[in-house]
Every structure is written in C-alpha cells, then in structure tokens.
Amino acid sequence: MKKTLLAALLALAGTVQAAKVTSVSVKMSDGSDVTGDVTARCQVKVGDEYDPGQCARDVRALRDAGEYDNITVKVEHGANGIDVIYVVTPKLRFQGPLNVTGNDFWSVSKITSLSELKDGYPYGEADFEAAVGRVKHAYQKKFFPDVKVDYRLEPIPDFPGAVHVTMDITEGERRKIHDFTFVGNDSVDAADLRATFDQYPWWNPLGWFSDTPATEQDLAEARDKVVAYYRDRGYLDVTVSLPEEVPYSEGKVDRQFKVVEGVQYKVGRMSVTGTKQYPADAVLAANKALATGDIAGAATMAEAARQMEIFCGSGEKPLTDTHVTVRQLPSGANPEVVDLEFAVEEGVPVAIHRILVRGNDYTKDKVIRREISLSPGDPMLADKAEQGKRRLENLRYFDRVRYYMETVEGGEAKDGQPEQRDLVYEVSEKNTGNFMVGIGASSVDSVYGMVELSESNFDLFSPWRFRGAGQKGRVLLQAGPRVQTYEASVTEPYLFDRMLELTVTGYRRQRWYDDYDIIRSGGAATLAYPVKFWPTWEPFGRFVVRFGGEFIEFDDVEKGLWTYRGRTVSLREEDRRYGDAFEPVVRLFWARDTRDSFRMLTTGARTQIYVDFAPAGDNKYYRAGFNHRNYFNVWKKYNHVFMAAFRAETIDGISDDVPIYDRMFLGGPRTIRGFEYRHVSPFAKRVSGHDDLPWGGQTLFCANFEYTIPIVRMLRLALFSDLGSVGEDEFDTDFSDTFAWSAGVGFRIDLPMFPIRLDFAAPLKTPDEAEKEVFSFTVGYDF
C-alpha cells in the first residue's frame, strides 16, 4: 500500500512539473490584481513548462526589487494546465519627516539618521521594526538600559500607499557604567577578566579605542568571553551570571558578574576509542597539546582533538571527515582530575577531483593556489590542507580562511577507487591597504613627520585598482630637522611563477649631522631564493643578490682642520675627493628569520651574513659582516624574554681610502646605549679648539643583551647591557682605544604600530673622546 501511494505521488509531481503554464498573475494580499505591474519581472511565462525552481527564483527577484513583502506562490491546477499566482503585500512609502515624541537626549534629526529611514523609500513591517531596533540599540549604547521605542503608521489620504511614521520614545534614566566588578573570582584577577572583553584602565591605550558593553547582547557576549577564559584555564564547571546593576553614585552603576569557579581540573588518564584503521596508541601519540598532569583547558582539549583528526586524515590511510569528540570522565581517585576519552569517528578515503577557490573578489586565483600544496588527483591529506590554510592566513589578505570538501556528481567510490570530492578553499577578503600619517621621534632623529601608503596585496599592472596580485607596494615620505626620506618599493614574491622574490626600490635619503650632511639618492633590485640543504631539503633561510647604485652628495660641510693618525684632515677635503660620487654595489647575503612575531618577540632568531662588492664607480671597496639576534622565552609562565644580539663588520678600499660616509660608527639607542650617537669611534682632533670629530673606523663589533619582564599589559621592564668597539683599519682587532660598555634599565611600551623604548644607561667603560648620554628613546620595532 505504501509503495503504491509513493508511486502515485511521484507520478502526480511529475505530471505537475511537466504541465504547461496557462496563466501568470500577481495579486495583492487583499485580493486586488496588479499583474501588469509585476509580471515583467517574472521569468515564468504562459506556455512554459511549469518549473518550481523558476518560481522560487522569481520570488527572490521580486523580493530583491524591494517593493513587496510576504511574497508567496499559489499553484492552481486547471483543465488545460497550471495557473501560477504570485501573492504579494506591497511595502509602504515613508513620507518624511520622521515624527518623534519623548526624546530629550537626541534631536529629531539625530534619531532620523539613526533610523536610516529615507523619504520616499518603500518599507515593510520588518524594515520599520529594524529602524526601531537601531534607535533602541543606539540609546542602550549611550547607557539608557530601560529605553522603549515604538512606532505608529499614519496613512496619508491623498497618497495611497504612503505613510507618516511616528516614533514614541520613553528614554528612562541614563545610568553610565562606572566599572565591571566580579564576585567569586577567587583564582583570577578581575583586571584579567575585564581584559577578555576589552575593558582596561583609563591609562591603558588599548582601552581608548574599545566600546563599553552596554546593550543586552554586548553584556551577554562579555559574559561568554569570561566563561571561555575560565574554561581555557581548566575551570570546566564555571558559571557566570549576566551582570547585575549595582548603584555606584548618582547616574552611575557598576555591572557585577557573579562567578562560581568550581574546580580547576587537571588531565588524568587519556585514551582513544573507535579507531579501526589506526592503532589507538598511534592516534593518541599525535596529540602534542596535552599531557597527563596538565591543566584541562577547553581550548587545549579541542586542539588535541584537532591534532588527532589531522593525523587520521593524513597518515598512510588518510580518512576524510574523521571527527574526534572529547569526553570528560570523572577520575575516581581525585575529584580535581578528569580523565579524557577521545572518541574517534573515522571517515573515508577521498581523492581530490578539483580544487576550487571562492570568495576572492580581488585576489587572483593563482595567488591563492600557489600556497596550496595539494593538487587534483592527490589523496586528500588533512595536514597539507591545514598547511595551505595557515599559509593563506599568513598572507594577511583575508579575515577568514576555511576549507571543506564537496561531493561531485558521479564521484562515489567504486572498483576499489576512493571517493572523488572537490576541495574548496573559501576566503573572506579584508582591506590590505594602509594609509598612515603620523609623527615619530627619537633621541637621534628628533621629531619628524611621516606619511606612508602601502598595499600588501598590490598589483602593479591593474590600473586604478592596483590590488590582487600578491605583490607588496610601499611609498614613504619622512621629514624632520635631522632626517628626510623619500622611498618607493615594489615586491613580487613569485617572479615567473617561481619562488623567486624580486624587490625594486628607489629612494632619496638625507641626514643632517653636526658637522656635515649626507644625501644618498639611488635604487636597487633584489632577488631572493630559498636555500635548501640535505637531508631534509626544507627551506633554510634565503640566498639574496642585490644590485644597487647610489649617488652620494655632501652638503653644509663644516670648515676647519683636524689631525687623524698623524696627518691633517678636513671635511672640505673629504667633500672634494668623495663628494658627488656614484657607487654601484653588489651585495650577496644569506638571511634566515625564525622570529615568532615582529611586535612582541619571545622566541626565534634573525641571522644575516653578507658581502658587498663595489668594483667600479667613484669609490671601490668591499665589505663583509654578519648580524645575529636571538630571543629566548626563559620563563614561559611569566613571559620573561632574554635577547642576545651580535654584529661584526669590516670594510676596505680597493684603490683608495674609505670615505667618511662609508666608515663605521657605534653609539646611540640602537647600538650602544649610554653614549652619544656615533661617538664610539676613532676621533679626529681639532687643530685649534676642542671640537673633536668622530672619524669612523673600518672594523666594528657590537653585542647587546636584554632581559625584559612584563609589568602590566603592554608595559615591560628591561634590563640591558651593551658593549662594542670600532677599529681603525680593516680586520682590526685592537679595540682597546674605543671599547665601550654600558648597562641600564628601560621600559618597553608596546602600542600597536607605535612601540616606544625608553632607556636609562650608565657607562661602565668609556672611550676617551666619547660623550655620555644617560637617557635615550626610540619609536619602532627591532627589525
């Protein structure tokens, strides 16, 4: 009987779908006919075969037109075919101005702006409700928690379908939030809980740009973030109430969260169940996030489960759609210990049919695809898919990156072959351009203005848009009383679609010293390629070749004579011999950077070994050196960081002496603190007077050591020591005359894009001519 009924229904559906459309009409919800005005927008026509899908598309088209509400389709079966009837409710046209009653805090014009109602536009019931909601939400953001907003529609007799709108507002008492307090937070500081929803003390710049949670939704989200903070620290049973009002003073209240922390659980025994293709021990060993005795944090447990999913999806028998659920089981021996059971639901083997990219409105497909190591025909490997996701996230072009599998028609597993599916990477583009105008300062450069325009997803060959090819473009203008810079650069990270990075730079840089100015105008082309070594053949740094050329000028040169190494020298003579000089330089270097961040560095190192050749031009020389800077998180619990940096360099002229602008100097906030800028150097003595001149040397070494300790968020205490010297000649290791050593204390203020270093240094060993500098400061990152 059931089979007969099912067959009849299928036959009826097939008959209806195959029947012809005999009429198409549109009616208002009150029964009036408006066919002539609307059917032109519908694709269903008389004489067509009836298609429910096309009817649904017509409904969407009518809805997108914005003039109708509550659009439905009625299908009536006639003797000759199908009558299609679209039933619509017309929207009402708002006739301004908006009428408002009960408003004291905001003017009528402000409320009209908040409502976003526009004179002459059609609106439905849901639209008016949304306008009321926007006004109510805006009041709540201004600390009117009891506000009520209603609306009334008044038809206009002479204009059918047009209405006046009146909003009736009961503002209630305004009660500003003085503070967010907590009761029952015995184990966690209240400041840390407030920071979870971006509430900081007045003096903390992070709080200057965040809104105070005031609406019901904002407060609920704040509560959820506090709960997540606790759960990530092992308080799995924590409960947090929505914040209640507690009177503070007239017109002000505190919002108080009541916390029941419960037990902080630790991990006991861990086990894996449900595996068939893989040994349970092997799956458990894939977990690198948790160990017995660790805090049982919710995020850490989820990460452990994810690692097991990736293992099952990437091993010898990769199983797509593997899902791992974490089950928390009480440990009978200790109520503060929870046993974890990872329940595995194994997936199926899958081969990749196609790789699809979605959501890239600006970024070219090839920019995304080159970050994905999987190809059509490959087995689906979760670890490589995750690697592609991370690489796309590291581009910083997208707000969100995710991947998933889609079934394909005819892709079912058969004849021993795995199922075929499409691998889809879905991205959400974000703004990758940056325009910055600011003021910088340091004890060396004084105060300077800066304008920077950059695009991290640049496209040099896309006029007017200049976005989407994965290049990097940057223009910098910087001007002050001590420094002036004009610079433009473009970087193509995949030249000829290979892992060959090309950077082209042009610049003009001028620096004013006390006794002369130097102007450098030039450009460079840099090629970089990743270096791979046996036996892993994984990238280990980059080999770089840079071809550059500079035109170097002296300006505002000090008069006078000095003696250096028994001979008389002058800056005017330096200008005559080496001014207006062109230097073509080839630099060969290897560089490797494993630092975990460029902002708050905690681990990793940056190393560079280089050789410069200037075999032609006005100044012929060679230079060799290395830089190494290493960071160690020596006390992870409290985030103590130790930094050690080493630098050595030498230069020698091939056919003449080395000009003063190519010689080497130390001293100042970025080399050896406690001494004036460039004052750790051989000096030339003035023939008449005491105004000695730093003359520079041809060999240097410098070492910096720093230990930083967090005080509060964004503020760290630094203990440091710097030492170094500059030798007079190439490969000169006699540093006794210019050896400098200092130690001191400083503060690191980590403002986003504006980090500040304040240092107080005391010289421990001072060269004879060097002048001391107790206090120094800089703005910027340690690149």
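Whatever comes next refers back to the structure up there.
So, how was this worked out
- Residues numbered from 1 in each chain as written.
- Predicted model: local features only at pLDDT ≥ 70, side-chain atom pairs only at ≥ 80, totals over all residues.
- Heavy atoms only, no water.
- Pairing = 2+ DSSP bridges.
- Helix = DSSP H or I, 4+ residues; strand = E, 2+ residues; numbered from the N terminus.
- Axes fitted to C-alpha atoms, helices over the stretch in contact; angles between N-to-C directions.
- Contact = heavy atoms within 4.5 Å.
- Parallel < 35°, antiparallel > 145°, perpendicular 65-115°, else oblique.
- Left-handed = near helix turned anticlockwise from the far one by under 90°.
- Nonpolar A, V, L, I, M, F, W, Y, C, P; charged D, E, K, R; others polar.
- Salt bridge = Lys/Arg side-chain N within 4 Å of Asp/Glu carboxyl O.
- Buried < 20%, exposed > 50% of the residue type's maximum accessible area, 1.4 Å probe, protein only.
- Patch = residues over 30% accessible without salt bridge, like charges linked within 9 Å, V, L, I, M, F, W, Y side chains within 5 Å.
- Areas by Shrake-Rupley, 256 points an atom, 1.4 Å probe, with all protein chains shown as cover.
- Lys, Arg positive; Asp, Glu negative; His and termini not counted.
- Charge placed at Lys NZ, Arg CZ, Asp CG, Glu CD.
- Expected span 1.5 Å × (residues − 1).
- Arc of directions from axis to C-beta.
- Polar contact = N/O pair within 3.5 Å; in protein donor to acceptor, adjacent residues only side chain to side chain.
- Phe/Tyr/Trp six-rings, centres within 6.5 Å; stacked < 30°, edge-to-face > 60°.

Asker: Give a description of the sheet that holds strand S16 (residues 350–358) that names residues and reports values.
Answerer: Here three strands make up an open sheet; going across it, the order is S16-S18-S17 and the pairing mixed. Since the sheet does not close on itself, it has two edges, and those belong to S16 and strand S17 (398–407), each with one partner. Strand-to-strand, the axes of this sheet are offset by a mean angle of 20°, without reference to chain direction. By the bridge criterion, seven bridges tie S16 to strand S18 (residues 419–429) in an arrangement that is parallel. Residue pairing in the sheet places Leu356 in a bridge with Val424 of S18. Where helix H11 (residues 382–394) meets the sheet, it contacts S17 and S18, and its direction lies at approximately 155° from that of S17.

Asker: Lay out the packing of helix H4 (residues 108–115) against helix H5 (residues 125–141) in plain terms, naming residues and giving numbers.
Answerer: The N-to-C vectors of H4 and H5 enclose an angle of 120°; their axes lie 8 Å apart at closest approach. Viewed along their axes, H4 and H5 adopt a mutual orientation that is oblique. H5 is crossed by H4, and the crossing has right-handed handedness. Contacts between H4 and H5 involve Ile111, Leu114 and Ser115 from the first element and Ala131, Arg134, Val135, Ala138 and Tyr139 from the second. In terms of residue class, the contact of H4 with H5 is built from six nonpolar, one polar and one charged.

Asker: For the pattern of salt bridges, give the residues involved together with the corresponding values.
Answerer: Side-chain pairing between opposite charges can occur once the charged atoms of the two side chains come close. Throughout the structure, instances matching the rule amount to 54 salt bridges. The partner of Asp459 in a salt bridge is Lys364, and the shortest N-O contact between them spans 3.3 Å. With Asp459 in the loop between strand S20 (446–458) and strand S21 (471–479) and Lys364 in the loop between S16 and helix H10 (365–369), this residue pair connects regions lying 95 residues apart in the sequence. Residue Lys364 is classed as partly exposed on the basis of its relative accessible area, which comes to 37%. Taken together, the salt bridges that share partners define one network made up of Arg673, Glu706, Asp722, Arg748, Arg757 and Asp759.

Asker: Break down unusual backbone geometry for me, citing the residues and quoting the values.
Answerer: Glycine aside, a negative phi is what most residues show, and trans is what most peptide bonds show. A cis amide bond, omega 0°, links Gly96 with the succeeding residue Pro97. Its place among the elements puts Pro97 in the loop between strand S4 (92–94) and strand S5 (99–101). Notably, Asp321 is not glycine yet its phi reads approximately 70°, a positive angle. Note that Asp321 resides in the loop between helix H9 (298–312) and strand S14 (323–330). Even without being glycine, Phe496 reaches a positive phi, approximately 55°. Its place among the elements puts Phe496 in the loop between strand S22 (483–492) and strand S23 (501–512).

Asker: How would you sum up a positive patch on the surface? Please name residues and give values.
Answerer: There is a patch of like positive charges on the surface, built from Lys110, Lys142, Lys176 and Lys252. For Lys110, the position within the fold is in helix H4. Using a relative accessible area of 36% as the deciding quantity, one classes Lys110 as partly exposed.

Asker: Residues and numbers for helix H3 (residues 52–65), please.
Answerer: Taking 1.5 Å per residue as the helical rise, H3 with its 14 residues ought to reach 20 Å, and the 20 Å between its terminal C-alpha atoms agrees with that figure. Buried within H3 we find Gln54, Cys55, Asp58, Val59 and Leu62. Taken end-on, H3 shows its buried residues confined to a sector of 150°, consistent with a single buried face. Two or three places before Gly53, at the start of H3, stands the capping residue Asp51, its side-chain oxygen 3.0 Å from that residue's backbone nitrogen. Immediately downstream of H3, the backbone of Gly66 shows phi near 80°, a positive value.

Asker: Mind laying out the sheet that holds strand S15 (residues 337–345), listing which residues take part and the relevant values?
Answerer: Taken together, the three strands give an open sheet; going across it, the order is S13-S15-S14, and neighbouring strands pair in mixed fashion. In this open sheet, the two strands that pair with only one neighbour each are strand S13 (266–273) and S14. Going from strand to strand, the sheet's axes swing by 25° on average, the running direction of each strand aside. Relative to S15, S13 is paired through six bridges, and the arrangement is parallel. In the sheet register, Thr273 faces S15, and the bridge partner there is Ala343.

Asker: Describe the packing of aromatic side chains, naming the residues involved and giving the relevant values.
Answerer: Counted according to the given criterion, the structure contains 28 aromatic pairs. The interplanar angle of 50° and the centroid separation of 5.8 Å between the aromatic rings of Tyr123 and Phe128 together place this pair among those described as tilted. Owing to a relative accessible area of 2%, Phe128 belongs among the buried residues under this scheme. Ring plane angle 40° and centroid distance 6.1 Å describe the contact between Tyr564 and Trp695, whose orientation is recorded as tilted. Here the residue Tyr564 occupies a position in strand S26 (residues 562–564), and Trp695 occupies one in the loop between strand S34 (693–694) and strand S35 (699–712), the gap between them amounting to 131 residues.

Asker: Describe in detail a nonpolar patch on the surface, supporting the description with residues and values.
Answerer: Residues Trp202, Trp203, Ile711, Val712, Leu719, Val745, Phe747, Phe760, Val774 and Phe775 make up a contiguous nonpolar surface patch of about 960 Å² in total accessible area. Elements with a contribution of two residues or more to the nonpolar patch: S35 and strand S37 (740–749). Locating Val712 in the fold gives a position in strand S35. Residue Val712 is classed as partly exposed on the basis of its relative accessible area, which comes to 35%.

Just distances and angles here, no functional claims.
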